[in-house]
Amino acid sequence: MTILLIRHGETALNASRVLQPPDTPLSERGLAQARAVAARVAKLGAVGILSSDMPRALMTAQAISQATGLPIRTTTLLHERNFGDLRGRAYDSLDHDPIHAEEGPPNGESMTQFRERVARAFDEIVAMRRTLDGNLVVVCHGLVIRVLLERHLSLNGLAAPERLANTSVTVFDLAEPYVVSLLNCEEHLLAADRDDGRSVVGV
């Protein structure tokens, strides 16, 4: 265990399948999820936290910081993909699937731009972990983790999930080829704190 990727907790817009503005906070369930993953992380010897500064990720990181006493370092490189003018729109009302589209929406990011940004984020993650003597916690977003799994990590026979659970934990080793040893684990969540499985990763 060396780097822990954690998706942020649930938001009300996650649950209602709306493409989120950047300032969306956690819901009450999301806060409960954040506390649960924080209690889990506190037992795992973490020595650093790197987080997206979008509120839904930062609030999750703050729960982990409170449980561990660790400071949070933030980076905009870990932001969720920018869906531009589609933010605030209900996913099911759209006539196409922007989550998987290669082209960018108006005033948003194309997949090429997004992948390039995630590559820079990965370099920052690895560089920060190499300065630490212990586990690094990285709190970010579903599509960021998906690109990391697809482009930068070795799944070692595991199947990449289409959907990543809120506050799910994915663990990979620092040494190349960056092998994933735990994928999309939500065992820290009580049944009442788990979502209904309808939310879309990336909204």
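The structure presented is a predicted model; accordingly, all values stated were derived computationally and were not measured.

Student: Outline the sheet that holds strand S4 (residues 135-140), listing residues and values.
Tutor: The strand order across the open sheet built from six strands is S3-S2-S4-S1-S5-S6, with neighbouring strands paired in mixed fashion. Only two strands of the sheet have a single partner each, and these edge strands are strand S3 (72-74) and strand S6 (180-185). For this sheet the average axis-to-axis angle between neighbouring strands, irrespective of direction, equals 20 degrees. The pairing of strand S5 (residues 169-172) with S6 spans three bridges and is classified as antiparallel. Considered in S6, the bridge of Phe172 is made with Val180. Of the strands in this sheet, strand S1 (3-7), strand S2 (46-51), S3, S4 and S5 touch helix H4 (residues 111-129), which is tilted by about 155 degrees from S4.

Student: Break down the nonpolar core for me, with residues and values.
Tutor: Formed by 39 residues in total, the largest nonpolar core has its most connected members in Leu78, Ile99, Ile125, Val138, Leu148, Leu153 and Phe172. Residue assignment for this core shows that the elements contributing at least two residues are S1, H4, S4, helix H5 (142-151) and S6. Counting residues per element, this core draws most heavily on H4, which supplies eight residues. With near-sequence residues (within four places) excluded, Val138 lies in contact with Ile3, Leu4, Leu5, Ile6, Leu50, Leu78 and Ile125. Formed by 18 residues, the second largest nonpolar core is a distinct cluster that contains Ile6, Ala34, Ile49 and Ile64.

Student: Pulling in residues and values, what's your account of the side chain of Glu124?
Tutor: Mapped onto the elements, Glu124 comes out in helix H4. Polar side-chain contacts of Glu124 include one of 3.3 Å to the side chain of Thr75. Discounting residues that sit within four places of it in the chain, Glu124 has contacts with Leu50, Arg73, Thr75 and Leu77.

Student: How would you summarise the packing of aromatic side chains if you had to cite specific residues and measurements?
Tutor: We describe a pair of aromatic rings using the distance from one ring centre to the other and the angle between the two ring planes. Counted under the stated rule, the structure contains three aromatic pairs. Arranged with centres 5.0 Å apart and planes meeting at 90 degrees, the rings of Phe122 and Tyr178 form a pair that is edge-to-face. Within this pair, whereas Phe122 is found in helix H4, its partner Tyr178 is found in the loop between S5 and S6, the two being separated by 56 residues in sequence. Neither Phe122 nor Tyr178 differs from the other in exposure class; each is buried. Note on Phe172 and Tyr178: the rings are 6.5 Å apart at their centroids and 85 degrees apart in plane angle, and the pair reads as edge-to-face. Of the two residues examined, Phe172 and Tyr178, each falls in the buried class. Following the ring pairs from residue to residue traces out a cluster consisting of Phe122, Phe172 and Tyr178.

Each value, and the rule that gives it
Residues numbered from 1 in each chain as written. Predicted model: local features only at pLDDT ≥ 70, side-chain atom pairs only at ≥ 80, totals over all residues. Heavy atoms only, no water. Pairing = 2+ DSSP bridges. Helix = DSSP H or I, 4+ residues; strand = E, 2+ residues; numbered from the N terminus. Axes fitted to C-alpha atoms, helices over the stretch in contact; angles between N-to-C directions. Contact = heavy atoms within 4.5 Å. Core = buried A, V, L, I, M, F, W, Y, C linked by side-chain atoms within 4.5 Å. Buried < 20%, exposed > 50% of the residue type's maximum accessible area, 1.4 Å probe, protein only. Polar contact = N/O pair within 3.5 Å; in protein donor to acceptor, adjacent residues only side chain to side chain. Phe/Tyr/Trp six-rings, centres within 6.5 Å; stacked < 30°, edge-to-face > 60°.

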